[in-house]
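Secondary and tertiary structure notes
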Amino acid sequence: QVQLVESGGGLVQAGGSLRLSCVVSGIIVSFNSVGWYRQAPGKQRELIARMTPGGTEYTYADSVKGRFAISRDNVKNMVSLQMNSLRPEDTAVYYCTVNQYWGQGTQVTVSL
């Protein structure tokens, strides 16, 4: 059974940082593309970060370039998203993905 369990979301002030973690079971992170999506209220889900299995290709949404960084821990079989310089517009539910599998989402709220 494939499961993705996220943690690290919460409330943070603008300019602050959060690190989202995604513990993965049933599928090997190192063998798959991994990514993070988010969905803000009233908006469509958007891809914010993605990394290929070899870690040689990264994709970031323009809105998060230079602020967010996706990473993969092959030993712990985890996916992470480091979020720095957070802005109120980053407020959304964030979803971890491994291949076609999705986590349950975790809320990130950035206050002024």
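Here the structure is a predicted model, which is why all the values come from computation and not from measurement. (Residues numbered from 1 in each chain as written. Predicted model: local features only at pLDDT ≥ 70, side-chain atom pairs only at ≥ 80, totals over all residues. Heavy atoms only, no water.)

1. Brief notes about the overall build of the chain
Regarding its fold elements, the chain presents zero helices and eleven strands. The secondary structure elements of the chain, listed N-terminal to C-terminal, are β-β-β-β-β-β-β-β-β-β-β. In terms of overall size, the chain behaves like a compact globule, its C-alpha atoms giving a radius of gyration of 13 Å where 112 residues would be expected to give roughly 13 Å. Put simply, the chain has 112 residues, and 41% of those count as buried. Across the chain, the fraction of contacts at a sequence separation of at least 24, relative to all contacts at a separation of at least 6, is 53%. With the model as given, the accessible surface of the chain reaches about 6,000 Å², and the carbon-plus-sulfur share is 49%. The averaged location of the 7 negative side-chain charges in the chain is 1 Å from the averaged location of its 10 positive side-chain charges. (Helix = DSSP H or I, 4+ residues; strand = E, 2+ residues; numbered from the N terminus. Rg over C-alpha atoms; globule rule 2.2 N^0.38 Å. Buried < 20%, exposed > 50% of the residue type's maximum accessible area, 1.4 Å probe, protein only. Contact = heavy atoms within 4.5 Å. Areas by Shrake-Rupley, 256 points an atom, 1.4 Å probe, with all protein chains shown as cover. Lys, Arg positive; Asp, Glu negative; His and termini not counted. Charge placed at Lys NZ, Arg CZ, Asp CG, Glu CD.)

2. Concerning the sheet that holds strand S7 (residues 68–73)
Strand order in the open sheet made by the four strands is S1-S3-S8-S7, with antiparallel pairing throughout. Bordering the open sheet on either side are strand S1 (3–7) and S7, each of which pairs with just one other strand. On average, each strand axis in the sheet is tilted by 15 degrees relative to the strand beside it, whichever way the strands run. (Pairing = 2+ DSSP bridges. Axes fitted to C-alpha atoms, helices over the stretch in contact; angles between N-to-C directions.)

3. Brief notes about the packing of aromatic side chains
For the structure on display, the rule yields three aromatic pairs. Between Tyr37 and Trp102, the aromatic rings sit 4.7 Å apart at their centres with planes inclined by 45 degrees, giving tilted as the arrangement. Linking Tyr37 in strand S4 (residues 34–39) with Trp102 in strand S10 (residues 101–102), this pair joins segments that are 65 residues apart in sequence. Trp102 gets classed as partly exposed once you look at its relative accessible area, which sits at 34%. (Phe/Tyr/Trp six-rings, centres within 6.5 Å; stacked < 30°, edge-to-face > 60°.)

4. Topic: the state of the cysteines
Under the counting rule described, the total for this entry stands at one disulfide. Note on cysteine connectivity: Cys22 is disulfide-linked to Cys96, with sulfurs 2.3 Å apart. The sign of the -85 degrees torsion about the S-S bond sets the Cys22-Cys96 disulfide as left-handed. Taken together, the residues Cys22 in strand S3 (residues 18–25) and Cys96 in strand S9 (residues 92–98) connect sequence positions 74 residues apart. Pair check on accessibility: Cys22 and Cys96 agree, each one buried. (Disulfide = S-S within 2.5 Å.)

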